[in-house]
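# An overview of the molecular structure
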Amino acid sequence: MMLTTTILFYVFSAILLVSALLVITARNPVYSALYLVLAFFNAAALFLLLGAEFLGLILILVYVGAVMVLFLFVVMMLDINLERLKEGFLRYLPLGLAIAIVGVLEMVAVFWTAPIGRVPAPGPIPANADNTRALGELLYTHYLYPFEIAAVILLVAIIAAIALTLRRRPDTKSQAVGKQVAVAVRERLRMVDLRGPKP
Amino acid sequence: MQNALFHWSFAIPEIWVLAMACVVLLVDVFVGERQRDVAYVLSIFTLLAAMALTWSQMGQTGFAFFGQFHLDPFTSIASFFVELLSLLVLSYSRKYLLRRSLYRGEVFVLLLFALLGALILISGANLLILYLGLELLALSQYALVAFQRGNLRATEAGLKYFILGALASALLLYGMSLLYGLTGTLDLHQIAIALVNVGSANYLLMLAVVFLVAGIAFKFGAAPFHMWLPDAYQGAPTPVTLFMSSVPKIAIFALFLRILVDGGYGSIEIWRQLFVALVVVSLVIGNVVAIAQTNLKRMLAYSTVGNMGFLALGIVAGTQNGLASAFFYAVVYAFMATAAFGLIVYLSREGFEAEEISDLRGLVRTRPWAAFLLLIIMFSLAGVPPTIGFYAKLAVFQALIEAHFIWLAVFGVLMAVVGAFYYLRVLKVALFDAPAEDLAYGADDPLAASVLTVNSLALLILGIVPGALVAFCYHALQGVL
Amino acid sequence: MTEWLFLIPGFPLLGALINALFGERLGPRWCGRLAATMPLLSSLVVLAIWLGPGAEPALLDRLWTWMAVGDFRVDLTLRVDDVTLVMISIASFVGFLIHLFSQQYLRGDYGERRYYFYLNLFVAGMLILTMANNLLLLYLGWETVGLCSYALISHWYREPENAWAGRKAFVVTRIGDTTLLLGIFLLFAQYHTLSISTLLPLVTAQPAPALLLAASILILIGAYAKSAQFPFHIWLPDSMAGPSTVSALIHAATMVTAGVYLCIRLLGLFAAVPGMLEAIAVLGAWTAFFAASCGLAQVDVKRVLAYSTISQLGYMFMGVGIGAPSLGLFHLLVHACFKALLFMASGAIILIYADDHDIRHMGGLKYRQPFLRWTFLAGVFALAAVPLISAAFYSKDAIINASFLVAGGGVPYALGLSGAVLTAGYAFRLYFLVFEGKPSELEGPYQMGWGMKIPLALLAAASIGIGWLQFPPGWPGPHLWVHWLAPELGLPPRPIGLEGGLLTLVGALATFLGIALGYWAARRERAGRGLSRWRFLASGWWIDGTILRLFPAPFYALGRLLRGGVENLGVQGLAQGGLRDGLRLSAYALARGENGLASRYAVSMIAGLLLLLLLIWSWPL
């Protein structure tokens with residue numbers, strides 16, 4: 001059992017790292033996005049291995065299901081000039097490298113001083129542990145108030161986005177759902193005389 | 001379940017506003033273009049009922065939602081004022097919105113949501129709640145500013161406001177996170193207890209307070225964090241400016257009160273020092289730059305900056321009396337700003353915003369009553385007795401002198417004199433210049449006219465009989481310290 | 001009752017407000033009627049106090065706390081005690097009669113609405129002044145009265161002299177207003193209260209001699225300027241530029257009595273300063289004598305009366321000074337009646353003579369205007385204090401007689417008695433010149449309506465009969481007044497027995513001597529050799545001219561100096577050039593800095609944040 005878990009961990013981790021690398025190096029942004037989806041899947045699998053099934057599922061639902069799909073849409077609908085994107089690569093390389101080095105140094109510093117090993121390992125997880133349920137209970141009791149406010153903020157964001165961007169142009173063709181539903185039988189079929197006038 | 005800890009009945013006004021905002025949103029979808037009044041009347045009714053609900057809670061105290069919601073006299077009184085101000089905003093702006101095809105359900109809904117954000121801020125007892133309330137208020141306002149999509153200036157103002165507001169939120173959030181790191185809790189009352197051990201000579205606490213004060217100063221519009229204010233005030237449709245200049249001022253005072261007094265009173269020696277700097281810069285910039293403005297809305301924006309400086313004088317005093325005077329100032333300022341922008345709304349018509357100072361030329365000849373009200377409003381803003389504006393300044397200065405900030409008080413008075421100049425210039429234009437022949441004011445909305453009359457005369461009458469309002473506002477701050 | 005006190009000043013205030021806001025729609029006739037109703041309503045409320053609970057103990061009506069900032073607390077409290085009751089009765093009822101008289105008198109004038117607005121406000125200001133239990137509220141009324149007097153004296157502003165007279169009155173009384181305010185400041189600095197009822201016990205309990213001396217002198221100057229006492233009297237003769245009804249209001253019901261009232265109200269303060277009351281007595285007697293002598297030489301009917309007011313006010317101050325404030329107040333009441341009568345009657349006389357004020361051009365009016373003659377004669381009797389049948393005999397002579405009894409009263413008595421001779425002299429000189437002799441050909445036809453006759457008749461009756469409230473001590477008859485006021489003002493010195501009889505006889509003789517003097521002066525005047533040719537007296541002992549030469553000239557010189565040195569160089573050059581341009585330039589520079597670039601805004605925000613960080617960093621822990 002332990003062994004299987006370990007093997008699975010390394011498999012998922014390897015795929016995760018490779019696909020993450022490919023996200024950066026892929027020439028086509030569509031490929032990049034798809035590799036990112038793959039990376040997310042593997043990360044979700046790692047969460048599941050840790051017993052955090054809620055986080056794993058949310059990662060797939062939100063990031064794969066919503067964010068990445070949106071991202072793909074945008075990438076495919078916009079005409080992105082790949083050559084122009086590449087042009088700046090060398091120019092910004094030193095800056096990027098500097099940031100990367102700083103990041104690495106920071107991580108080293110954290111690990112150097114972090115109390116790894118001093119923190120006691122988490123105890124065994126009870127068999128019927130259900131973190132979806134636990135989160136839900138907490139979220140709908142103790143954090144109900146902020147949770148609701150956050151929901152309202154999202155609602156406002158939706159309203160604002162629609163109100164600010166939706167424009168009804170009279171010349172666009174669109175479905176009139178109300179009219180479709182309310183249509184009468186007689187209006188569904190219209191007999192047209194195609195014979196034309198008699199000569 | 002710990003049902004007892006919910007005490008959701010404390011939050012009935014908030015729940016009512018939320019529910020009714022959703023109802024207005026839905027109703028507006030189903031009623032046609034012709035029956036927009038339904039949504040309008042429904043919103044007005046919502047606000048009236050909210051005021052009644054808040055009033056009925058007056059005197060109750062306690063916590064709800066596991067200590068995240070604090071009902072105390074301040075909550076009830078400040079909530080009442082923001083609901084009243086929102087009502088004023090709505091009643092001023094019907095004709096204005098109608099004329100610019102802004103008379104849409106979304107505007108009312110966003111207004112209600114902004115009010116909800118303000119209410120949440122006022123009653124928040126937890127850093128998380130305060131942040132969420134602030135974002136709700138801000139987000140609704142961003143959308144409202146940019147609501148006139150076809151108007152380039154409005155969209156530009158909305159975008160600027162949004163970007164800078166996000167920056168300010170980040171500062172505030174950073175300060176909150178530092179405070180959380182320092183004390184290990186989000187609950188303001190536990191923070192207050194934890195800070196007793198920390199003491200004010202702690203660099204982390206200083207850093208936290210600096211970021212918090214910077215964020216609050218931005219939302220107040222205190223210099224040097226005021227840059228967004230004139231652009232947003234000028235670019236936004238005037239009813240939105242009306243809203244922005246009134247309701248958030250009280251809500252942000254609540255934000256300050258909750259974080260830095262309820263939670264962080266242990267760090268008063270730090271934030272007081274910061275507010276001294278903000279006061280000086282705000283008073284100078286607000287009062288001096290206003291002189292150069294030709295646009296009335298922009299001028300009033302700088303006047304806001306200056307007035308926030310005066311408000312912060314009470315905060316600097318930091319005593320019970322000082323905080324009460326600052327709250328009183330916030331309330332009085334909100335009503336003065338409402339009247340001032342309400343007058344602009346009232347005078348405007350299609351294609352004419354009445355927002356340049358020169359648009360008021362010879363107002364006394366064409367609209368004598370409006371000119372009289374303008375006189376009261378400007379006198380009150382300048383702090384001329386017997387208007388309530390005088391009394392508000394007097395209260396702040398008195399608290400300041402009581403706390404031995406004599407020189408700051410002298411400086412404040414000098415700046416009030418500079419400020420009087422540009423208010424009086426508006427009066428000079430309106431009362432003594434010859435009216436231009438091509439000016440025709442809207443001024444045909446009986447509702448706005450009557451509300452404006454009541455609002456402006458209240459500034460005068462409350463200045464003569466300020467006792468009740470003062471007692472009301474000072475009662476709100478009873479037991480805060 | 002107490003909760004209705006605010007109605008007393010409230011009605012005229014409301015009238016003024018309605019006139020200001022809606023007067024145009026009402027039209028001048030209704031403006032006048034409305035304005036006249038308001039003091040009537042006030043006087044009805046006052047009447048209700050008289051008939052109802054009375055003012056013993058004092059009625060207090062705390063309206064609201066106007067402002068409470070630290071220990072500076074201003075309660076708008078109205079207080080009515082017996083003294084106040086007398087004052088508000090005069091102000092409201094005599095005020096009403098003057099309003100009534102104005103209806104016909106001012107018809108068709110320009111600015112009727114303005115006139116009635118200020119008239120109402122005037123009465124309201126006086127009522128606030130008298131009813132205030134707080135020095136700041138009193139000062140509010142004081143200023144209102146000053147403003148209204150200015151506006152009403154220059155009512156016919158189209159002639160520059162009238163506007164000038166109004167300005168003169170305003171400037172002179174302003175000096176007093178300022179010193180009064182300074183006095184109030186001093187008192188507040190010492191005692192931390194502005195409430196009169198709290199202040200006066202404090203003054204006696206914790207005397208601070210130097211400060212009290214300064215405060216009482218400052219307040220006294222205020223009272224002198226308002227009540228036109230020597231040497232601040234110079235505005236009063238010129239204030240005759242206003243309509244006669246305004247003069248009546250100023251001299252009888254409202255403005256000039258305010259100073260006397262203030263002295264009575266703050267008697268505790270003046271009594272706490274040694275020598276103060278004696279000084280008041282001597283100065284009052286001197287003013288009474290001096291102004292009476294000037295009155296003998298005037299040829300303008302209203303100027304005679306103006307000097308007479310100054311003189312009569314002097315008697316009132318003398319009464320306060322010799323420790324007989326109740327007699328001073330009594331004379332104030334009597335004077336209000338007969339002076340209102342005389343001024344309104346003189347207004348009618350002037351109309352009859354087509355706006356000619358010169359009494360040398362008049363004569364024999366008794367044939368065509370018998371009603372006017374008899375009422376005027378009643379006023380003249382009262383002014384001259386004709387024994388037994390005039391009210392002033394019971395008030396003014398009582399003051400003079402009482403002064404004989406007090407220590408150091410010799411000077412006031414001598415001045416007062418000689419003043420009484422002169423008073424009777426100018427009063428009867430005026431009467432003989434106007435009403436007796438041959439009818440003047442300048443006389444025009446004039447018919448007084450009931451609106452004018454009723455006030456004159458009522459006031460004439462009062463001028464004769466009101467003195468019977470208080471007979472001389474030892475005489476049979478009512479002695480209501482002094483005893484009624486005794487709880488508040490104490491009992492005045494009362495000459496009785498042989499001494500009293502002798503003093504009364506001397507006073508009566510003085511009056512008859514004065515009448516003879518008046519007859520003689522009138523005859524000489526007719527012959528063209530009158531006292532009016534004596535420049536010294538006619539110009540009021542040259543005091544007006546001297547003051548105008550002494551004070552304004554150095555003031556103008558100082559002004560020129562300031563204009564050259566401070567204004568042109570300092571203010572114009574530095575403040576205006578520097579400060580204004582500096583403000584403007586910095587305003588534009590700062591405004592340009594905010595150029596609308598969001599990134600620049602963000603940078604400035606970060607800079608602000610750094611500034612705050614720097615501040616907290618540099619701040620010593």
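- By the naming in an unreviewed UniProt entry, chain C goes by NADH-quinone oxidoreductase subunit L and is assigned to Igneacidithiobacillus copahuensis.

- Identification of chain B as NADH-quinone oxidoreductase subunit N from Igneacidithiobacillus copahuensis is taken from an unreviewed UniProt entry.
- Listed in UniProt under the heading Subunit (unreviewed entry), the comment for chain B reads: "NDH-1 is composed of 14 different subunits. Subunits NuoA, H, J, K, L, M, N constitute the membrane sector of the complex."
- According to the UniProt record, the Sequence similarities (unreviewed entry) comment for chain B reads "Belongs to the complex I subunit 2 family."

### Focus on the overall build of chain C
- Helix and strand content of chain C: 25 helices and 2 strands.
- Here the C-alpha atoms of chain C give a radius of gyration of 28 Å, agreeing with the 25 Å that 2.2 N^0.38 yields for 621 residues.
- Its C-alpha atoms put chain C at 95 × 55 × 50 Å along the principal axes.
- Counting every position in chain C, which comprises 621 residues, the buried fraction comes to 53%.
- In chain C, the proportion of contacts linking residues at least 24 apart, taken out of those at least 6 apart, comes to 80%.

### A short note on the overall build of chain B
- In terms of regular secondary structure, chain B is built from 20 helices and 2 strands.
- Relative to its length of 481 residues, chain B is compact, with a C-alpha radius of gyration of 21 Å against a globular reference of 23 Å.
- Expressed as lengths along the three principal axes of its C-alpha atoms, the size of chain B is roughly 70 × 60 × 40 Å.
- Within the span of chain B, comprising 481 residues, buried residues form 62% of the whole.

### Side note on the environment of B:A409
Residues and elements named next belong to chain B.
- For A409, the position within the fold is in helix α18 (residues 406-432).
- We classify A409 as buried; it has 21 C-beta atoms within 10 Å.
- Taking the C-alpha atoms as reference points, A409 and E437, 28 residues apart in sequence, are found 45 Å from one another.
- Not counting the four nearest positions on each side in its chain, A409 is found in contact with F397, L400 and I401.

### Description of the interface of chain B and chain C
- The partner chain C presents 29 residues to the 34 residues of chain B that form the contact.
- Considering each element in turn, the side of chain B that touches chain C owes the most residues, 7 residues, to helix α12 (residues 268-289) of chain B.
- Partitioned by chemical class, the residues of the side of chain B that touches chain C number 28 nonpolar, 3 polar and 3 charged.

### Comments concerning helix α10 (residues 257-265) of chain C
- Within α10(C), 9 of the 9 residues are buried, which leaves the element mostly enclosed by the surrounding structure.
- Within the span of α10(C), buried status applies to C:T257, C:A258, C:G259, C:V260, C:Y261, C:L262, C:C263, C:I264 and C:R265.

### With respect to the packing of helix α2 (residues 82-105) of chain C against helix α19 (residues 450-465) of chain C
All names here are of chain C.
- The geometry of α2 relative to α19 is characterised by a closest axis approach of 7 Å and an angle of 150° between their N-to-C directions. Read as a crossing pair, α2 and α19 show a hand that is left-handed. Contact with α2, carried on its side by L97, L100, F101, Q103, Q104 and Y105, involves G451, M452, I454, P455, L458 and L459 of α19 and no other residues of that element.
- Of the residues assigned to the contact of α2 with α19, the class counts are 9 nonpolar, 3 polar and no charged.

### Considering the arrangement of the chains
- There are 2 pairs of chains in contact here; the most contacts are made by chains B and C.
- Considering only C-alpha positions, the minimal separation of the non-contacting chain A and chain C is 21 Å.

### Brief notes about the UniProt feature "domain: NADH:quinone oxidoreductase/Mrp antiporter transmembrane" (unreviewed entry) in chain B
- The UniProt feature table records "domain: NADH:quinone oxidoreductase/Mrp antiporter transmembrane" (unreviewed entry) at residues 126-417 of chain B.
- Annotation note: span residues 126-417 of chain B, helix share 79%, strand share 0%, distance between end C-alpha atoms 40 Å.

### Brief notes about the packing of helix α14 (residues 325-352) of chain C against α19(C)
All names here are of chain C.
- Between α14 and α19, the least distance of the axes is 8 Å, while the angle of their chain directions is 145°. The handedness of the crossing between α14 and α19 comes out as left-handed. The residues of α19 that touch α14, namely those facing C337, F338, A340, L341, M344, A345 and A348, are M452, P455, L456, L459, A460, A462 and S463.
- Across the contact of α14 with α19, the residue classes break down as 13 nonpolar, 1 polar and no charged.

### Notes on the interface of chain A and chain B
- On the side of chain B, 24 residues touch chain A, which itself brings 15 residues to the contact.
- Considering only residue class, the side of chain A that touches chain B consists of 13 nonpolar, 2 polar and no charged.

### Details of the environment of B:L144
Residue and element names in this part refer to chain B.
- Its place among the elements puts L144 in helix α6 (residues 127-145).
- Considering only alpha carbons, one finds L144 and I464, 320 residues apart in sequence, at a separation of 36 Å.
- In this structure, L144 is in contact with V107, L110 and V240, ignoring residues within four places of it in sequence.

### Considering unusual backbone geometry
All names here are of chain B.
- A cis geometry characterises the amide bond from A223 onward to P224, with omega recorded as 0°.
- With respect to the helices, strands and loops of the structure, P224 is situated in the loop between α9 (203-220) and α10 (228-235).
- A cis geometry characterises the amide bond from P385 onward to P386, with omega recorded as 5°.
- Tracing the chain through its elements places P386 in the loop between α16 (368-382) and α17 (388-402).
- Although it is not a glycine, F66 adopts a positive phi angle of roughly 55°.
- Considering the arrangement of structural elements, one finds F66 in the loop between β1 (62-64) and β2 (69-71).
- Of note in the backbone geometry, H404 takes a positive phi value of approximately 65° without being a glycine.
- Residue position: H404 is located in the loop between α17 and α18.
- The class of H404 is exposed, set by 10 C-beta atoms lying within 10 Å.

### Digging into the confidence of the model for chain C
- The share of residues in chain C with pLDDT of 70 or more is 94%, and the mean pLDDT across the chain is 82.
- What the predictor reports for the complex is a pTM of 0.76 with an ipTM of 0.91.

### A look at helix α11 (residues 238-263) of chain B
- A rise of 1.5 Å per residue sets the reference length of α11(B), with its 26 residues, at 38 Å; its end C-alpha atoms lie 36 Å apart and thus fit the reference within 8%.
- For α11(B), the buried fraction is high: 25 of the 26 residues fall into the buried class.

### Examining the environment of B:L207
- Secondary-structure assignment places B:L207 in helix α9.
- Classification of B:L207 as partly exposed rests on a count of 19 C-beta atoms within 10 Å.

Conventions and cut-offs
- Residues numbered from 1 in each chain as written.
- Chains lettered and ligands numbered in written order.
- Predicted model: local features only at pLDDT ≥ 70, side-chain atom pairs only at ≥ 80, totals over all residues.
- UniProt positions renumbered as here; feature names shortened; annotations may be inferred.
- Helix = DSSP H or I, 4+ residues; strand = E, 2+ residues; numbered from the N terminus.
- Rg over C-alpha atoms; globule rule 2.2 N^0.38 Å.
- Buried ≥ 20, exposed ≤ 12 C-beta atoms within 10 Å, placed from the backbone.
- Contact = placed C-beta atoms within 7 Å.
- Nonpolar A, V, L, I, M, F, W, Y, C, P; charged D, E, K, R; others polar.
- Axes fitted to C-alpha atoms, helices over the stretch in contact; angles between N-to-C directions.
- Left-handed = near helix turned anticlockwise from the far one by under 90°.
- pLDDT = per-residue confidence, 0-100.
- Expected span 1.5 Å × (residues − 1).

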